[in-house]
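Coordinate analysis (summary)
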Amino acid sequence: MSTGILLINLGSPDSTDPKDVKTYLDEFLMDEYVIDLPYPLRYLLVKGIILNVRPKKSAHAYETIWWDDGSPLIVISERVQKKLKDIAKHPISLAMRYANPSIKAGIDDLLAKDASIDRIITVPLYPHYAMATTQTVVEKTKAVQQQFFPNVTLDFVDPFYKDQRYIDALAGSIQDHLTDKHDYLLFSYHGVPVRHLKKTDPTKKHCFKIKDCCFIPNPEAHPVCYAHQVKESTNLVMNQINMPREQWSWAFQSRLGLDEWLQPFADDEIERLAKSGVKHLAMCCPAFVSDCLETLEEIGEEGQEIFLEHGGESFTLIPCLNDDDRWIETLDGLIKDKVNR
């Protein structure tokens, strides 16, 4: 059996032109795992409302973080692919769940490198399981494989939120940017609707059904529970970082609509911390392995503005793992574990 590796990240508009942003948002928001409303309602919401008002605003936001060589998320993902290629034993290609390069293009690229490949190890580049990240990547990749590549088998790298190599890499990258002056560390994770957590809970009796559900072990619910996994990652990282418990916490960003979302909200927390006397805030965004709009603009620009406006003195956005060598080694290890199973 000949094996290839396919890395899959979220994706990005092809450019900052509002037309390209609209195309990207259309594909992204019409995904049933992102906005899980019945199709007619999702169609009306996305195409009738959101796509008429959001593309220009989002295009402007992308302009503020766009690099000379393209979208930060795409550029960073390509760097990761290149570094892995230098140490891996198997061909490696890159795809995005939305926009370009597509998952089909990624598999085509693998087979162009080695036509004998009949097993693909797929790596969703998300540490934590969620409907709108891991699940949609798995379902889309399976659909593409069944339609275009029926002779290829798929294996998926599982969420690695508590893998010790990942925890070590994340803790190390955070410590690289913390100084003695920082008096608080806030972990900001991408928010999800509470409804999604209830949907993915296979027991239908645990998530948001019992008090402190994230901290009461459940071998069925927790492997697919985003809220549990981000809190577990945070606790494991902070076990390695010497900072008093009262000087760090977690929050959730990027909520959309009027549904109940995971709390506390990041923007509210940033304001609260500034007003409570925190002067030197550091923030990290471990739901993302690559810096992108949600980290660079939403936290790095908007979050910093909120903090400084309400009494904070300095704000540090800690970069995502990006192409840090510790992260490359972690990825290589996760892939080898799956290849050898």
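What comes next is a walk through the structure.

The rules behind each value
- Along each chain, numbering runs from 1 in the same order as the chain's sequence is written.
- Per-residue local features are limited, in this predicted model, to residues with pLDDT of at least 70; the limit for side-chain atom pairs, both in listing and counting, is 80 or more; totals at the level of whole chains, interfaces and linings are taken over all residues.
- Side-chain measures here rest on the full set of heavy atoms in the structure, leaving out hydrogens and waters.
- Strands are labelled as partners when DSSP assigns at least two bridges between them.
- Helix and strand definitions follow DSSP, with helices as H or I runs of at least four residues and strands as E runs of at least two, each counted in order from the N terminus.
- Here the axes come from fitting lines to C-alpha atoms, over the contacting stretch only for helices, and the angles between their N-to-C directions go from 0 to 180 degrees.
- In what follows, a contact means two residues having at least one pair of non-hydrogen atoms within 4.5 Å.
- A residue counts toward a patch only above 30% relative accessible area and without a salt bridge, and it is joined to like-charged neighbours within 9 Å or, for Val, Leu, Ile, Met, Phe, Trp and Tyr, to nonpolar neighbours within 5 Å.
- Where accessible areas are quoted, they stem from the Shrake-Rupley method and a 1.4 Å probe; at the residue level, only the protein chains shown are allowed to cover.
- Whenever Lys or Arg places a side-chain nitrogen within 4 Å of a carboxyl oxygen from Asp or Glu, that contact is recorded as a salt bridge.
- Accessibility here uses a 1.4 Å probe with only protein chains present; expressed as a share of the type maximum, an area under 20% marks a residue as buried, one over 50% as exposed, and anything in between as partly exposed.

Okay, the sheet that holds strand E3 (residues 117–124) next. Pairing within the open sheet is parallel, and its 4 strands lie in the order E2-E1-E3-E4. Every other strand in the sheet has two partners, leaving strand E2 (92–99) and strand E4 (153–156) as the edge strands with one partner each. Sheet twist, expressed as the mean angle between neighbouring strand axes with direction ignored, is 30 degrees. The sheet contacts of helix H3 (residues 72–87) involve strand E1 (2–12) and E2, and relative to E2 the element is tilted by about 160 degrees.

Further remarks concern a nonpolar patch on the surface. A contiguous nonpolar patch, built from Tyr-39, Leu-41, Tyr-43 and Leu-44 and spanning about 430 Å² of accessible area, is present on the exposed surface. Looking at the element boundaries, Leu-44 is found in helix H2 (residues 39–65). Overall, the relative accessible area of 54% leaves Leu-44 in the exposed class.

Turning next to the pattern of salt bridges. Inspection of every chain in the model, using the stated rule, returns 18 salt bridges. The salt bridge partner of Asp-108 is Lys-104, with a shortest N-O separation of 2.9 Å. In this pair, Asp-108 and Lys-104 both sit in helix H4 (residues 103–113), 4 residues apart, roughly one turn of the helix. Residue classification places Asp-108 among the partly exposed positions, given a relative accessible area of 33%. Judged by relative accessible area, Lys-104 falls into the partly exposed class, the value being 30%. The partner of Arg-326 in a salt bridge is Asp-176, with the nearest N and O atoms 2.5 Å apart. One end of the pair, Arg-326, is in helix H11 (residues 325–339); the other, Asp-176, is in the loop between helix H6 (164–175) and strand E5 (184–190), and 150 residues separate them in sequence. Three or more residues joined by partner-sharing salt bridges are found here, namely Asp-36, Arg-195, Lys-199 and Asp-259.

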